[in-house]
Structures are given as structure tokens and as C-alpha cells.
Amino acid sequence: ALSFVHRFEPGTDAGARPLLLLHGTGGDESDLIQLGRMIAPGTALLSPRGKVLEGGAPRFFRRLREGVFDEEDVRFRAAELADFVGEARAAYGIAAPIAVGFSNGANIAAATLLTHPEVLAGAVLLRAMVPLADPPAADLRGKGVLLLSGAVDPIVPEENAARLVAQLTAAGARLDHRTLPVGHGLSQADLNLARQWLAASQ
Ligand code: MLT
């Protein structure tokens, strides 16, 4: 068995990059399957369930409180997720995926990009914030990242999203950052922009 409880949905389009779907706090491996199908029809979907439990709610790493992370655990869990992607690639015969993460899932995706850049082909980060105050020097040249923020997101201050953009850009990623007139929840605009960006990046 692979090291995470997960769902894998094979793709019908062999040329399309698979997606690594990473749910938010309290979600599970089924949460983002519909979203994945909508934004990337025909693409293989790999969707693990976060192993950390917070009052019964699955997450991808520990936090001390909302927006304050246990960075040692962030690093440990990003390494664990990177290992899982390697296992799943071998088991299912898929290429390096593009991560699509929401909230806590976007944060572990950003941490994985910064600490294990070889594992991901790129990322769609929905409401991400800085996962590591002082990340290692990663090489993200050639990788595209779409970051979608909410202008009135009560969890992610504008300054924090800007810092994440600066970290990823400094590592060489091709950043496309849009701030939508919404809060922390997802909107139709998120789905449309993610679909367009993924279609253009294939
Ligand atoms: C996190 O813990 O990763 C962020 O606070 C987002 C969340 O999951 O609420």
C-alpha cells in the first residue's frame, strides 16, 4: 500500500500533466475530485488525505493556531508528501504532477515546491500563505505557479501572499498572481482562472 490514504483517477488524455489535489483543513481525498475534473478534464488525478488530525479534521501539517505553523512539522510533512508522490508515480506510471491545493493544501504545496522542487511540475495555489519563514534556496526555474488570493480573505493578509510571491519568484518560478474580490472560500472565478491557466500550461 502507498503511504497516504488517497484516490487515484486515471486520465483519458495521456499527454496531460496529472494533478496532485491537496484539500483544505477538514477535507479528505474525495473533496477536490470534482474540482479537478472541472479544471482539467481528461487529466489523471492523485488525491491524498492529510495525515495530521486537528480535533478530528485532516490537514497536511500541524499548526499552533490559525496562520501560525509548526515549521518543523511543515518540513517533515512536505518530505513525506514528496515521498508519496514518488511512490504514486511508480505505482501508477504518471509524470511529475502539477499540485492544485486549497488553503492548508495550498500551503503544503508551496512548502513542497520550496523544499522538494523536483517533485512538482508546477502548482495552482488557492488562498496560499507563507509556509516557511526562511525556506531553503530552491531552483524553481521553468516551473509555473498560479496563486489566487482573496482580497478580503480573513486568514491570508495581502502582505503574506506578497511574501510568498517574493519567495517563489526569488527561486525562479514563473508566477501569475491574481487577487479576486472574494474571501477565503473558492469562487467560480477561481475555477475559470485555474482551468485557463492549466490549459495554457500543457
Ligand atoms: C493553514 O493552517 O494551513 C491555514 O491556516 C489555512 C487553513 O487550513 O485554515
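Residues numbered from 1 in each chain as written. Predicted model: local features only at pLDDT ≥ 70, side-chain atom pairs only at ≥ 80, totals over all residues. Heavy atoms only, no water.

Trainee: Describe in detail unusual backbone geometry, supporting the description with residues and values.
Mentor: Of note in the backbone geometry, S103 takes a positive phi value of approximately 60° without being a glycine. Here S103 is to be found in the loop between β8 (98-102) and α3 (104-115). On the accessibility criterion, S103 (14% relative accessible area) is buried. Positive phi is not limited to glycine here, since R127 has a value of about 65°. By the element assignment, R127 lies in the loop between β9 (122-126) and β10 (144-150). Residue R127 is classed as buried on the basis of its relative accessible area of 1%. (Helix = DSSP H or I, 4+ residues; strand = E, 2+ residues; numbered from the N terminus. Buried < 20%, exposed > 50% of the residue type's maximum accessible area, 1.4 Å probe, protein only.)

Trainee: Please set out the nonpolar core residue by residue, giving values where relevant.
Mentor: Residues L20, L22, L125, L140, L164 and L168 are the most contacted members of the largest nonpolar core, which totals 44 residues. Secondary structure elements with two or more residues in this core: β2 (19-22), α2 (71-92), α3, β9, β10 and α4 (158-170). With residues up to four places along the chain from it excluded, the contact list for L168 reads L113, L114, L125, L140, V145, A173 and L175. L21, I33, V182 and L191 belong to the second largest nonpolar core, which has 22 residues in total. (Core = buried A, V, L, I, M, F, W, Y, C linked by side-chain atoms within 4.5 Å. Contact = heavy atoms within 4.5 Å.)

Trainee: Quick rundown of the site of the ligand? Include the residues and the values.
Mentor: Neighbouring residues of the ligand: T25, R59, F61, R63, E66, G67, F69, S103, N104, N107 and I155. For the ligand, an oxygen atom lies 3.0 Å from a polar atom in the side chain of R63. In the environment of the ligand, an oxygen atom lies 3.5 Å from a nitrogen or oxygen atom belonging to the side chain of S103. With the chains in place, 95% of the 260 Å² that the ligand exposes on its own is no longer accessible. (Near = heavy atom within 4 Å. Polar contact = N/O pair within 3.5 Å; in protein donor to acceptor, adjacent residues only side chain to side chain. Areas by Shrake-Rupley, 256 points an atom, 1.4 Å probe, with all protein chains shown as cover.)

Trainee: Tell me about the sheet that holds β8, and please be specific about residues and values.
Mentor: Strand order across the open sheet formed by seven strands is β1-β3-β2-β8-β9-β10-β11, with mixed pairing between neighbours. Of all strands in the sheet, those with a lone pairing partner are β1 (6-9) and β11 (174-180), marking the two edges. Neighbour-to-neighbour, the strand axes of this sheet turn through a mean angle of 15°, independent of strand direction. Bridge count for β2 against strand β3 (residues 45-48) is two bridges, and the pairing is parallel. Bridge assignment links L19 to a residue of β3, and that residue is L45. (Pairing = 2+ DSSP bridges. Axes fitted to C-alpha atoms, helices over the stretch in contact; angles between N-to-C directions.)

Trainee: An account of the pairing of β10 is requested, with residue identities and associated values reported.
Mentor: Counting buried positions along β10 gives seven out of seven residues, so the element sits mostly inside the fold. Sheet analysis places β9 next to β10, joined by five bridges and oriented parallel. Note that in β10 the partner of L126 across the bridge is L148. Here β10 pairs with β11 via seven bridges, running parallel. Note on β11: the bridge partner recorded for S149 is T179. Taken together, β10, α4 and β11 form a β-α-β motif whose crossover is right-handed. (Right-handed = clockwise from strand over helix to strand, strands pointing away.)

Trainee: Explain α2 to me, and be specific about the residues and the numbers.
Mentor: For α2, spanning 22 residues, the distance from its first C-alpha to its last is 31 Å, which sits close to the expected 32 Å at 1.5 Å a residue. The inward-facing, buried residues of α2 abut β1, β2, β3, β4 (52-54), β7 (68-69) and α3. After α2 finishes, the residue G93 shows a positive phi value of roughly 65°. (Expected span 1.5 Å × (residues − 1).)

Trainee: Explain the pattern of salt bridges to me, using residue names and the numbers behind them.
Mentor: Per the counting criterion, the structure on display carries 13 salt bridges. Where R7 meets E9, a salt bridge forms, and the shortest distance between an N and an O atom there is 3.0 Å. The class of R7 is partly exposed, set by a relative accessible area of 28%. The salt bridge involving E80 is made with R77; its shortest N-O contact spans 3.0 Å. (Salt bridge = Lys/Arg side-chain N within 4 Å of Asp/Glu carboxyl O.)

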